[in-house]
Amino acid sequence: TNERPINFGAGPSALPETVLEEACKGLINFQGTGIGVAEISHRSKEFTSLVASLESNIRTQLDVPPTHKIIFTQGGGTGQFSAVVLNMLARHRLLHPDLSDEQRVMDYVITGSWSKKAEIEAKRLGGASVHIVVDASTKSKDSKSFDAIPAHEDFDFSADPALIYYCENETVDGVQFSNDEQSSASFPFHLLPAGGLWPLVADYSSSFMSRKIPRIADHAVIFAGAQKNIGPAGLTILIVRQDCIVDVDAAAKLGAIPVPITMSYKINADAGSLYNTPSTLSIYIAGLVLERSKQLGGVVYFESLNGRKAQKVYAALREGETKGAYRSKVKEGSGSWMNVVFDVLGDNAESRFLAGAEALGMMALKGHRSVGGIRISLYNAITEEQTDRIVAYLKDFATQNT
Ligand code: PMP
């Protein structure tokens, strides 16, 4: 099936072909049961062992410490915009029952449109005031776009917030925190308020399992939808430190916002992620994807592969920039490994770029409708050979169009 086009879409996105072929079989006959995986009980021993192996693959490959639970749920990243607020406010209420809503603070780091959306949801839910740690758009060249991770000295954390929120990879804007602690675009862990056990919440929707998570043990909650790097949409993965899995009903009695039952971390954790029917098909395919990653060398393998892929694409982009063919939307050092965003310069050049790519079997390169331009998504399923094809095209197009 070499003729399948290369899917550079931002999500849902490409999945490994061998996994798709295996999943076709599982849809008809799952592990010799004669029943398809989408038809089998989520409480059957066959299915519960899938959940266990998916969890163990995540725990092992990311070195999730024993202080943290892995929870599978639904509702996507957007569901977590609400759930993190509700669960972390409940935790803070139990710790500090006497604070007023104005005194209770939630810290938001705004580096792109996804963290902005999360902040809007936090304000909508109420229960605490929202403090903007930094808003990268105010530092950008046009004072409104998101084109870089701000300098560390621009971050202003509160003393004892209920949560500290950031988005590790901004899928739309193509801005990502560096995984190198020495880089000025790294997350400034060293500036977090004194005291440890930080209420640090990270949206890893579009970079989960693409590389190691820096300082994973220092996070309260890490969440991600499956639909970029590891599977079909429908599955949401949470890594939650145990002190953040709290009795939300006890907190509600003290005045915290009541938490819908499917959003309660404790309800889900206590039920082993099977409180209600989970996204069984998505769990199955994510399991196949991570089993394959394990065979290849785990997330460490993908970290070096993805680093090389990004390096090649950014190099071609910079070369095209000097020729006047492209303009990167992101400053050097803050560019995402997963989503490379840029403009093609010249009259009609963007549509010619897209049409030329499609003619060569490279699809889904149009940037998000809110920012336009081109977006090349380089998730785990994109191979180095496929990356070389887009790199060659970037170079050819730049040469022919300048
Ligand atoms: N956060 C990020 C970084 C995302 O890329 C997305 C989806 N593209 C979301 C949150 C929202 O996720 P969902 O569509 O699963 O609700």
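Because the structure is a prediction, the values reported are computed rather than measured.

Student: How do you make sense of the overall build of the chain when you look at a structure like this?
Tutor: Looking only at helices and strands, the chain has 10 helices and 14 strands in total. A compact globule built from 402 residues should have a C-alpha radius of gyration of about 21 Å, and the chain, at 22 Å, falls within 12% of that. Overall, the C-alpha framework of the chain stretches about 65 × 60 × 30 Å when taken along its three principal axes. Relative to all contacts within the chain whose residues are 6 or more apart in sequence, the contacts with residues 24 or more apart total 72%.

Student: Teacher, can you tell me more about the pairing of strand β5 (residues 163-167) here?
Tutor: Counting buried residues along β5, five of its five residues qualify, which places the element largely inside the surrounding structure. Taking every second residue as pointing to the same face, both faces of β5 are buried, with L163, Y165 and C167 on one and I164 and Y166 on the other. Note: strand β3 (residues 105-110) against β5, three bridges, orientation parallel. From the neighbouring strand, D107 faces β5, where its bridge partner is I164. Inspection of the sheet shows β5 paired to strand β8 (residues 200-203) by four bridges, in the parallel sense.

Student: Mind showing me how you'd approach the environment of L365 here?
Tutor: As for its placement among the helices and strands, L365 is situated in the loop between β13 (362-363) and β14 (374-377). A C-alpha to C-alpha distance of 5.6 Å links L365 and I376, two positions 11 residues apart in sequence. In contact with L365, not counting residues within four places along its chain, are F8, L354, A357, I374, R375 and I376.

Student: Sorry, what's going on with the packing of helix α2 (residues 45-62) against helix α7 (residues 280-296) here?
Tutor: As a packed pair, α2 and α7 sit with axes 9 Å apart at the nearest point and diverge in direction by 45 degrees. Compared by their axis directions, α2 and α7 come out oblique. Crossing of α2 over α7 shows left-handed handedness. In contact with F47, L50, V51, S53, L54, N57, I58 and Q61 of α2, α7 contributes T280, I283, Y284, A286, G287, L290, E291, S293 and K294.

Student: Just to check I follow, could you spell out the domain arrangement of the chain for this structure?
Tutor: Interfaces are often sized by the accessible area lost when the parts come together. We note that the domain assignment places domain 1 (45-293) and domain 2 (298-400) within the chain. With 25 residues of domain 1 in contact, the opposing surface of domain 2 contributes 23 residues. Counting only elements with at least two residues in the side of domain 1 that touches domain 2, the list comes to α2 and β7 (175-176). Here the side of domain 1 that touches domain 2 is composed, by residue class, of seven nonpolar, 13 polar and five charged.

Student: Looking at this structure, I do not really get the sheet that holds strand β11 (residues 326-328). What am I missing?
Tutor: Through backbone hydrogen bonds, the strands of a sheet pair up, either in parallel or in antiparallel fashion. Ordered in space as β11-β12-β14, the three strands form an open sheet in which the pairing is antiparallel. Taken across any chain shown, the strands that pair with only one partner, and hence form the sheet edges, are β11 and β14. Neighbour-to-neighbour, the strand axes of the sheet open up by a mean angle of 35 degrees, direction not taken into account. Strand direction decides the pairing type here: strand β12 (residues 339-344) and β14, joined by four bridges, are antiparallel. Its bridge partner being in β14, V341 is matched across the sheet by R375.

Student: So what exactly am I meant to see when it comes to the UniProt feature "domain: Aminotransferase class V" (unreviewed entry) in the chain here?
Tutor: Following the UniProt record, one finds the feature "domain: Aminotransferase class V" (unreviewed entry) at residues 7-389. Taken end to end, residues 7-389 is 35% helix and 15% strand, and its first and last C-alpha atoms sit 12 Å apart.

Student: Can you help me understand the nonpolar core in this one?
Tutor: In globular proteins that are soluble, nonpolar side chains generally tend to be buried together. M88, V201, V221, I237, A286, V313 and L378 are the most contacted members of the largest nonpolar core, which totals 115 residues. Take this core: its biggest share by element is eight residues, from helix α3 (residues 76-95). Two domains each put at least three residues into this core: domain 1 (45-293) and domain 2 (298-400). Dropping the residues within four chain positions of it, L378 is found in contact with N306, K309, A310, V313, W337, M338, V340 and T387.

Student: When you look at the sheet that holds strand β2 (residues 68-73) in this model, what are you seeing that I'm missing?
Tutor: As summarised here, the arrangement of the seven strands in space is β2-β10-β9-β8-β5-β3-β4, forming an open sheet in which the pairing is mixed. Single-partner strands in this sheet number two, and they are β2 and β4 (129-135). Pairs of neighbouring strands in the sheet enclose a mean axial angle of 20 degrees, with direction left out of account. Taken strand by strand, α3 contacts β3, β5, β8, β9 (221-225) and β10 (236-241), and its axis lies near 160 degrees from that of β9. Set on the sheet, helix α4 (residues 113-125) makes contact with β3, β4, β5 and β8; between it and β3 the angle comes to about 160 degrees.

Student: Any chance you could explain the site of the ligand here in plain terms?
Tutor: Lining the immediate surroundings of the ligand are G11, G76, G77, T78, W114, C167, T171, D203, S205, S206 and G225. Among the elements that make up the shell around the ligand, the one with the highest residue count is α3 (three residues). In terms of residue class, the shell around the ligand is made up of two nonpolar, eight polar and one charged.

Student: I tried to follow the pairing of β2 on my own but got confused; where do I start?
Tutor: Looking down a regular strand, the side chains alternate between one sheet face and the other. Within β2, six of the six residues are buried, which leaves it mostly tucked inside the rest of the structure. Where burial is concerned, the two faces of β2 agree: the one with H68, I70 and F72 and the one with K69, I71 and T73 are both buried.

Student: Looking at this structure, I do not really get unusual backbone geometry. What am I missing?
Tutor: Residues G11 and P12 are joined by a peptide bond in cis, for which omega reads -5 degrees. Relative to the helices and strands, P12 is located in the loop between β1 (6-7) and α1 (17-28). Even without a glycine there, the phi angle at D63 is positive, about 55 degrees. Note on placement: D63 falls in the loop between α2 and β2. For M209, which is not glycine, the phi dihedral falls at a positive 70 degrees. Checked against the element boundaries, M209 lands in the loop between β8 and β9. Judged by the 28 C-beta atoms lying within 10 Å of it, M209 is buried.

Procedures and definitions
Residues numbered from 1 in each chain as written. Predicted model: local features only at pLDDT ≥ 70, side-chain atom pairs only at ≥ 80, totals over all residues. Helix = DSSP H or I, 4+ residues; strand = E, 2+ residues; numbered from the N terminus. Rg over C-alpha atoms; globule rule 2.2 N^0.38 Å. Contact = placed C-beta atoms within 7 Å. Buried ≥ 20, exposed ≤ 12 C-beta atoms within 10 Å, placed from the backbone. Pairing = 2+ DSSP bridges. Axes fitted to C-alpha atoms, helices over the stretch in contact; angles between N-to-C directions. Parallel < 35°, antiparallel > 145°, perpendicular 65-115°, else oblique. Left-handed = near helix turned anticlockwise from the far one by under 90°. Domains from an automatic or database assignment. Nonpolar A, V, L, I, M, F, W, Y, C, P; charged D, E, K, R; others polar. UniProt positions renumbered as here; feature names shortened; annotations may be inferred. Core = buried A, V, L, I, M, F, W, Y, C linked by C-beta atoms within 7 Å. Near = placed C-beta within 6 Å.

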